[in-house]
Amino acid sequence: MMNIQKGKSEFLMGIDKIDQLTDWLNEHHFINGVAFIGRSNVGKSSLINSLFGKKTARVSNTPGRTRQVNIFSFIVEDRVNKKEKTFYLFDVPGYGHADVSKEMAVNWQNLLDTFFRLCSEKVLLLNIQDARHPLQEADIVFQDYIKIFDLETYVLFNKVDKLKTQSERSLLRNRMPEIYQKFKWVKQIHFTSAEKGDGIPAVEQAIVEYVMREAT
Ligand SMILES: Nc1nc2c(ncn2[C@@H]2O[C@H](COP(=O)(O)OP(=O)(O)OP(=O)(O)O)[C@@H](O)[C@H]2O)c(=O)[nH]1
Ligand SMILES: [Mg+2]
C-alpha cells in the first residue's frame, strides 16, 4: 500500500508576483505533483488539509483568502518497498470572484495563465466544485480554458455532506454522463466532504497512483 504521509507536508512558499512564479516554474519544469483549483470557498484548502494533514493550508470563512499560488511538498510512502518520494502540491487562487477590484482580478488571471502555461505537464489538476451547485458559469469557463493545457484533470464535487436527501445526491450522480460528455478531458469524478471525510481515501489513492505512475 502506498499513501500520503499525513502531517509531513511542508509549506515552501506563496507566490503572488508573476516574475517570481515564472522563475520558480522555469526552474521546476519537470517536477511532478498536484494542483487544486476551483471557485472561491468550495473547500480547496479544507480538502488539502484532509488529504495532506491538518493545518497544511489555511482555511477561511472569507472567500478569496488564498490570493497567491501556495506551494508545498508532500511525501508518498511505499510501505511494502520501504521507499519514499517527494512531490509538489499547489493551492492555486480561486476563480470566479464577484467582489474584487479590477486590478486584483487581472493579477489573478495573469497568475493563472502563468501557472498553467509554465507548470510541468506532469501536474495533476484537481478542479474542485460545489456539490450543491455543479457546473456554475465560472466552472464551465474554467473547464473550457484549461483543456488546451492538456493536463490530467479530475473533478471533485465537495461538500457532499450538505446534500441532505437521497434525491439531492442522486440528482448530482445522474448528471455524471452529461459531465463526462461535455468535458471529455476529465478522467475521473469524485464526491467528497472535507468536513466529514467522504471520498477522501479514494482521492488520496487517485493522487498517489497518478504521481507514482508519472514518477517512473
Ligand atoms: N459542510 C462543509 N463545509 C466545508 C467543506 N469543505 C470546506 N468547507 C467550509 O467552506 C469554507 C471555505 O473553505 P476553504 O477550504 O477555505 O475554501 P477555499 O476553496 O480554499 O477558499 P479560497 O481559498 O477562498 O478560494 C470554510 O468555512 C470550510 O469550513 C465540506 O466538505 N463540507
Ligand atoms: Mg483556500
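Just so it is clear, the structure is predicted and the values come from calculations on it, not from any experiment.

S.K.: Hey, could you run me through the nonpolar core in this one?
M.R.: Soluble globular proteins: nonpolar side chains tend toward being buried together. Judged by nonpolar contacts, the single largest core of 39 residues is most densely connected at Ile 37, Phe 90, Phe 115, Phe 116, Phe 157 and Ile 189. The element contributing the most residues to this core is helix α3 (residues 102-118), with five residues. If you look at the next biggest cluster of nonpolar residues, it comprises 27 residues, including Ile 48, Phe 52, Val 76 and Leu 126.

S.K.: Where do I start with the pairing of strand β6 (residues 123-130) in this structure?
M.R.: The buried count for β6 comes to eight of eight residues, which makes it a mostly enclosed element. Here β6 shows no split at all, with Val 123, Leu 125, Asn 127 and Gln 129 on one side and Leu 124, Leu 126, Ile 128 and Asp 130 on the other all buried. When strand β3 (residues 33-38) meets β6, the two strands line up parallel, connected through six bridges. Residue pairing in the sheet places Ile 37 in a bridge with Asn 127 of β6. The pairing of β6 with strand β7 (residues 153-158) spans six bridges and is classified as parallel.

S.K.: Is there a simple way to explain the pairing of β3 in this structure?
M.R.: Residues in a regular strand point their side chains to alternate faces of the sheet. For β3, the buried fraction is high: six of the six residues fall into the buried class. What you see with β3 is no split at all: Gly 33, Ala 35 and Ile 37 on one side and Val 34, Phe 36 and Gly 38 on the other are buried throughout. Here β3 runs beside strand β5 (residues 83-91); their pairing, made up of four bridges, is parallel. Within β5, the residue paired with Val 34 across the bridge is Leu 89.

Reading guide: rules and limits
- Residues numbered from 1 in each chain as written.
- Chains lettered and ligands numbered in written order.
- Predicted model: local features only at pLDDT ≥ 70, side-chain atom pairs only at ≥ 80, totals over all residues.
- Heavy atoms only, no water.
- Core = buried A, V, L, I, M, F, W, Y, C linked by side-chain atoms within 4.5 Å.
- Buried < 20%, exposed > 50% of the residue type's maximum accessible area, 1.4 Å probe, protein only.
- Helix = DSSP H or I, 4+ residues; strand = E, 2+ residues; numbered from the N terminus.
- Pairing = 2+ DSSP bridges.

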